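Residues per chain are reported as follows:
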Amino acid sequence: MKGLLARKLGMTQLFNPDGTTSAVTVLEAGPCKVLGLRTTEKDGYSAARIAFEVAPEKKFTKPLLGEFKKAGFEPHRQVVEIRGYDGLETGQELKAEIFAAGEIVDVTAHSKGKGFQGLIKRHKFSRGPESHGSMNVRQPGSIGATDAARVFKGVKMSGQMGNVRTTARAYKIVRVDAERNLLLVEGGVPGGKGALVLVRQSTKPQKVKGPAGKPTGRKV
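This write-up is about the structure you can find in this document. (Residues numbered from 1 in each chain as written. Predicted model: local features only at pLDDT ≥ 70, side-chain atom pairs only at ≥ 80, totals over all residues. Heavy atoms only, no water.)

**Observations regarding unusual backbone geometry**
- A positive phi is found at lysine 124, a non-glycine position, where the angle reads about 65°.
- Checked against the element boundaries, lysine 124 lands in the loop between α3 (119-123) and β9 (159-162).
- Given a relative accessible area of 68%, lysine 124 falls into the exposed group.
- Phi is positive for alanine 170, which is not a glycine, with a value near 60°.
- Along the polypeptide, alanine 170 turns up in strand β10 (residues 165-177). (Helix = DSSP H or I, 4+ residues; strand = E, 2+ residues; numbered from the N terminus. Buried < 20%, exposed > 50% of the residue type's maximum accessible area, 1.4 Å probe, protein only.)

What follows is the structure, encoded as structure tokens:
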């Protein structure tokens, strides 16, 4: 398992050899530094603590400053743990070049906040009839059972939409710009421009393709 913290810069398009275009998301991945390591013997699990984006010392408490001083580099704004990240040393620098074009990654970020929304936008409900005096065009209809004087938990209703931590899986890395620490990922990823993004090696099984390019049903 490997990964980096990144900033979402926006979207653009790339031209393919056959003349078509592909929409890609540009991520400024790293440079990140290893703040510390979790070990099975001491902590019960193995993980790496990754720091991203240098920040002024006045924004940190003394205990946090002590951690960065012990690691041997300046304070960083963002710190996350990536489990199963082996083969690293404290103070090591990680850049976008740890990934290669064609690799499949999972992307975690906070989705865009949409505010308070109704059922049609939030849950993709269909509209009601609009003719013959119908008063139920965009309303939910029944929300309870026939024998319960309450509404059960989990019923799809209006409410806050978006602004939640979400993981989108199996994104393909189209291009890696090692000089500028950029990852170009196929498609759109969660979050708005400037959003903090965690890019990790994908854990979703990938189907093996046969000679004709069709899935064989086998997974790797």
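**Describing the pattern of salt bridges**
- Applying the stated criterion across every chain, the model contains 9 salt bridges.
- Where lysine 2 meets glutamate 103, a salt bridge forms, and the shortest distance between an N and an O atom there is 3.2 Å. A residue pair is termed long-range when its members are at least 10 positions apart, and lysine 2 in the segment before β1 (3-15) and glutamate 103 in the loop between β6 (93-94) and β7 (104-110) qualify at 101 residues.
- The salt bridge involving glutamate 93 is made with lysine 95; its shortest N-O contact spans 3.8 Å.
- Residue glutamate 93 is classed as partly exposed on the basis of its relative accessible area, which comes to 42%.
- Take lysine 95: its relative accessible area is 31%, and that puts it in the partly exposed class.
- Several salt bridges share partner residues, and in doing so they unite Arg7, Glu53 and Arg77 into one network. (Salt bridge = Lys/Arg side-chain N within 4 Å of Asp/Glu carboxyl O.)

**Regarding the pairing of β7**
- For β7, a buried count of 5 out of 7 residues is recorded, marking the element as mostly surrounded by other parts of the structure.
- In the sheet, β7 pairs with β10 via 6 bridges, with the strands oriented antiparallel. Bridge pairing links histidine 110 to arginine 165 in β10.
- Both β7 and strand β12 (residues 196-201) contribute to a ladder of 4 bridges, which runs antiparallel. Following the sheet pairing, valine 105 is matched in β12 by glutamine 201. (Pairing = 2+ DSSP bridges.)

**Looking at the nonpolar core**
- In this structure, Leu27 and Val199 are the most contacted members of the largest nonpolar core, which totals 28 residues.
- At the level of elements, β1, β2 (21-29), β3 (32-38), β4 (47-54), β7, β10, β11 (182-186) and β12 are the ones that each hand at least two residues to this core.
- Not counting chain neighbours up to four residues away, the residues in contact with leucine 27 comprise Ala6, Arg7, Lys8, Asn181, Leu182, Leu183, Val185, Val189, Val197 and Val199.
- One finds Ala51, Phe60, Ala71 and Phe73 within the second-largest nonpolar core, a separate group that totals 7 residues. (Core = buried A, V, L, I, M, F, W, Y, C linked by side-chain atoms within 4.5 Å. Contact = heavy atoms within 4.5 Å.)

**A closer look at a positive patch on the surface**
- On the surface, a cluster of positive charge is made up of Lys112, Lys114, Lys121, Lys124 and Lys193.
- Position of lysine 112 among the secondary structure elements: in the loop between β7 and β8 (113-117). (Patch = residues over 30% accessible without salt bridge, like charges linked within 9 Å, V, L, I, M, F, W, Y side chains within 5 Å. Areas by Shrake-Rupley, 256 points an atom, 1.4 Å probe, with all protein chains shown as cover. Lys, Arg positive; Asp, Glu negative; His and termini not counted. Charge placed at Lys NZ, Arg CZ, Asp CG, Glu CD.)

**Looking at the sheet that holds β6**
- What the 4 strands build is an open sheet, ordered β5-β4-β3-β6; its pairing is antiparallel. Two strands in the sheet have a free side with no partner beyond their single neighbour: β5 (76-83) and β6.
- In the sheet, β4 pairs with β5 via 7 bridges, with the strands oriented antiparallel. When the bridges of β5 are listed, alanine 51 appears paired with valine 79.

**Things to note about the packing of aromatic side chains**
- For the structure on display, the rule yields 2 aromatic pairs.
- When the ring of phenylalanine 60 is compared with that of phenylalanine 68, the centres are 5.8 Å apart and the planes differ by 70°; the resulting orientation is edge-to-face.
- On the basis of relative accessible area, phenylalanine 60 is assigned to the buried category, the value being 15%.
- Overall, the relative accessible area of 2% leaves phenylalanine 68 in the buried class.
- An aromatic cluster is defined as three or more aromatic residues linked by ring pairs; in this entry it consists of Phe60, Phe68 and Phe73.
- The ring of tyrosine 45 has arginine 83 sitting right over it, with the charged end atom 4.0 Å from the ring centre. (Phe/Tyr/Trp six-rings, centres within 6.5 Å; stacked < 30°, edge-to-face > 60°. Lys NZ or Arg CZ within 6 Å of the ring centre and 35° of its normal.)

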